[in-house]
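One-letter residues, chain by chain:
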Amino acid sequence: MTRADDGRRLWRHARIASFDGERPWGWIDDGALLVEGARIAWIGPDSALPAALAAASPPAAEVDLGGALLTPGLIDCHTHLVYAGDRAAEFDLRLQGASYEQIARAGGGIRSTVAATRAADDARLFELAAARARALIVDGVTTVEIKSGYGLTERDEARCLAVARRIGRELPVAVRTTSLGAHALPPEYEGRADDYIDAVCRWMPAQQAAGLVDAVDAFCDTVGFGPAQTRRVFDAARALGLPVKLHAEQLSDQGGAALAASYGALSCDHLEHLSAAGIAAMKAAGTVGVLLPGAYYFLRETRLPPVAALREAGVPIALATDHNPGSSPCLSLVLMLNMGCTLFRLTPEQAWCGVTVEAARALALADRGRLAAGLRADFAVWDAEHPRELCYRFGHAPCRQRVFGGVADNPVLRR
Ligand code: DI6
Ligand code: FE
């Protein structure tokens with residue numbers, strides 16, 4: 001008999017939503033998945049397994065999933081995980097009638113998060129961000145995008161990006177970093193937004209040289225930065241060969257999506273106020289629309305993103321948590337499946353594509369988001385029989401097991 005191969009592990013008798021191929025959900029009714037090292041070696045119907053295994057040595061370990069659901073690991077393609085402090089007191093004040101301006105004058109709002117982040121040392125920032133990353137991990141996430149944007153000085157932005165990189169090194173999750181210096185105007189630049197944008201552009205080469213940045217983002221809105229300032233950030237990114245993405249059309253229509261698309265943006269995110277011209281530009285550029293129902297819900301927005309028009313135009317749609325302390329203090333991508341369906345009327349399959357294939361597209365990662373031979377062995381096993389159950393229930397934590405780069409962890413071990 002051939003010797004068992006230590007690098008090969010087999011998962012059998014799963015209901016698999018692979019999101020690969022032409023069938024809805026990439027569905028495999030009684031499926032098997034063979035992992036070799038960090039990659040998927042074979043996936044298909046369990047009945048076809050003997051033939052698939054015949055030519056090679058038997059796997060060292062075999063798990064019978066007894067019909068449980070298996071999907072790609074979830075991809076959260078838009079988060080602001082690195083910051084200190086919280087805004088729970090601000091939440092309380094708002095519910096007692098305080099306005100956003102009153103809160104800002106009393107030292108609250110985004111600037112309070114910036115002050116707390118600057119005051120925290122690297123170890124504390126890591127501890128806080130790692131706890132948030134763990135919450136996403138136990139919910140089935142295997143890849144997360146993390147933005148800077150609460151440091152807003154050269155040193156503090158670099159520190160936040162370095163913390164994000166450290167999460168990718170020390171926790172079982174893949175991290176993509178995004179430099180978001182153009183998130184908000186720091187107090188020391190009050191009345192000098194153009195000077196601040198100059199500074200953001202000046203910091204970028206050093207961030208890239210230090211290996212801290214995979215993409216560049218900006219917040220283009222009335223409370224953020226204008227299109228001309230966004231363009232300067234994008235020009236600086238382009239000069240370094242860095243891909244761009246944009247917080248676009250969240251609170252008003254600034255034409256940000258069309259601007260970002262003209263730079264070949266990976267994604268435009270939020271999009272509640274997106275115009276028909278913005279949709280057409282995104283379609284032409286292959287830009288992904290990232291919907292963020294957590295922020296829509298938490299800010300009690302009433303204007304819906306144009307989901308039907310995006311769908312009709314064939315713009316790929318992703319879904320993310322937008323985890324941040326001010327507008328979406330949410331740490332469950334599974335909950336976004338439900339909110340994407342209930343609030344934005346995505347179908348369950350569209351919502352699922354939004355946290356798998358399309359989220360991978362929004363991060364330009366071709367080796368994940370689907371389950372197929374040769375791709376990364378990043379997947380999750382759920383206490384469910386069909387993925388639509390995760391869209392239908394909410395407030396639950398159905399992830400039974402997660403496999404990251406071929407290595408299984410137990411999501412019940414939370415700390
Ligand atoms: N859009 C948002 O909703 C958050 N940032 C952004 O670009 C708000 C961030 C905060 O209030 O801390
Ligand atoms: Fe955001």
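Q: Whenever I open this one, the sheet that holds strand β7 (residues 141-147) confuses me. Can you help?
A: Strand-to-strand pairing in sheets goes through backbone hydrogen bonds, with the strands running parallel or antiparallel. Pairing is parallel across the open sheet formed by eight strands, whose spatial order is β6-β7-β8-β9-β10-β11-β12-β13. Each having just a single partner strand, β6 (74-76) and β13 (317-319) make up the two edges of the open sheet. Taken pair by pair, the neighbouring strands of this sheet meet at an average axis angle of 25 degrees, ignoring direction. Alignment of strand β12 (residues 288-291) against β13, held across three bridges, turns out to be parallel. Each bridged residue has a counterpart across the sheet, and for L291 the counterpart in β13 is L319. Here helix α7 (residues 193-209) sits on the sheet and contacts β8 (174-182) and β9 (215-220); the angle it forms with β8, its principal contact strand, is near 150 degrees.

Q: Honestly, the site of ligand 1 in this entry has me stumped. Any pointers?
A: All residues adjacent to ligand 1 are R87, I110, Y150, H183, F219, H247, Q250, H270, N324, G326 and S327. In the environment of ligand 1, an oxygen atom lies 2.6 Å from a nitrogen or oxygen atom belonging to the side chain of Y150. With respect to ligand 1, the side chain of Q250 contributes an N or O atom lying 3.0 Å from an oxygen atom. Calculation on ligand 1 without its partners gives an accessible area of 320 Å², and the protein chains cover 92% of this total. Among the residues forming the shell around ligand 1, the class breakdown is three nonpolar, seven polar and one charged.

Q: When you look at the packing of aromatic side chains in this model, what are you seeing that I'm missing?
A: Any two aromatic rings considered together are summarised by their centre-to-centre distance and by the angle between their planes. Within the structure shown, the criterion is met by 11 aromatic pairs. Centre to centre, the rings of F91 and F298 are 5.4 Å apart; their planes meet at 15 degrees, and the pair counts as stacked. Taken together, the positions of F91 in helix α2 (residues 88-95) and F298 in helix α11 (residues 293-298) put the pair 207 residues apart, joining distant regions of the chain. For F298, a relative accessible area of 22% puts it in the partly exposed group. Centre to centre, the rings of Y196 and W203 are 5.7 Å apart; their planes meet at 75 degrees, and the pair counts as edge-to-face. With respect to burial, Y196 and W203 carry one shared label: buried. Among the aromatic residues, ring-to-ring pairing joins F19, W25, W352 and W382 into one connected group.

How each quantity is defined
Residues numbered from 1 in each chain as written. Chains lettered and ligands numbered in written order. Predicted model: local features only at pLDDT ≥ 70, side-chain atom pairs only at ≥ 80, totals over all residues. Heavy atoms only, no water. Pairing = 2+ DSSP bridges. Helix = DSSP H or I, 4+ residues; strand = E, 2+ residues; numbered from the N terminus. Axes fitted to C-alpha atoms, helices over the stretch in contact; angles between N-to-C directions. Contact = heavy atoms within 4.5 Å. Near = heavy atom within 4 Å. Polar contact = N/O pair within 3.5 Å; in protein donor to acceptor, adjacent residues only side chain to side chain. Areas by Shrake-Rupley, 256 points an atom, 1.4 Å probe, with all protein chains shown as cover. Nonpolar A, V, L, I, M, F, W, Y, C, P; charged D, E, K, R; others polar. Phe/Tyr/Trp six-rings, centres within 6.5 Å; stacked < 30°, edge-to-face > 60°. Buried < 20%, exposed > 50% of the residue type's maximum accessible area, 1.4 Å probe, protein only.

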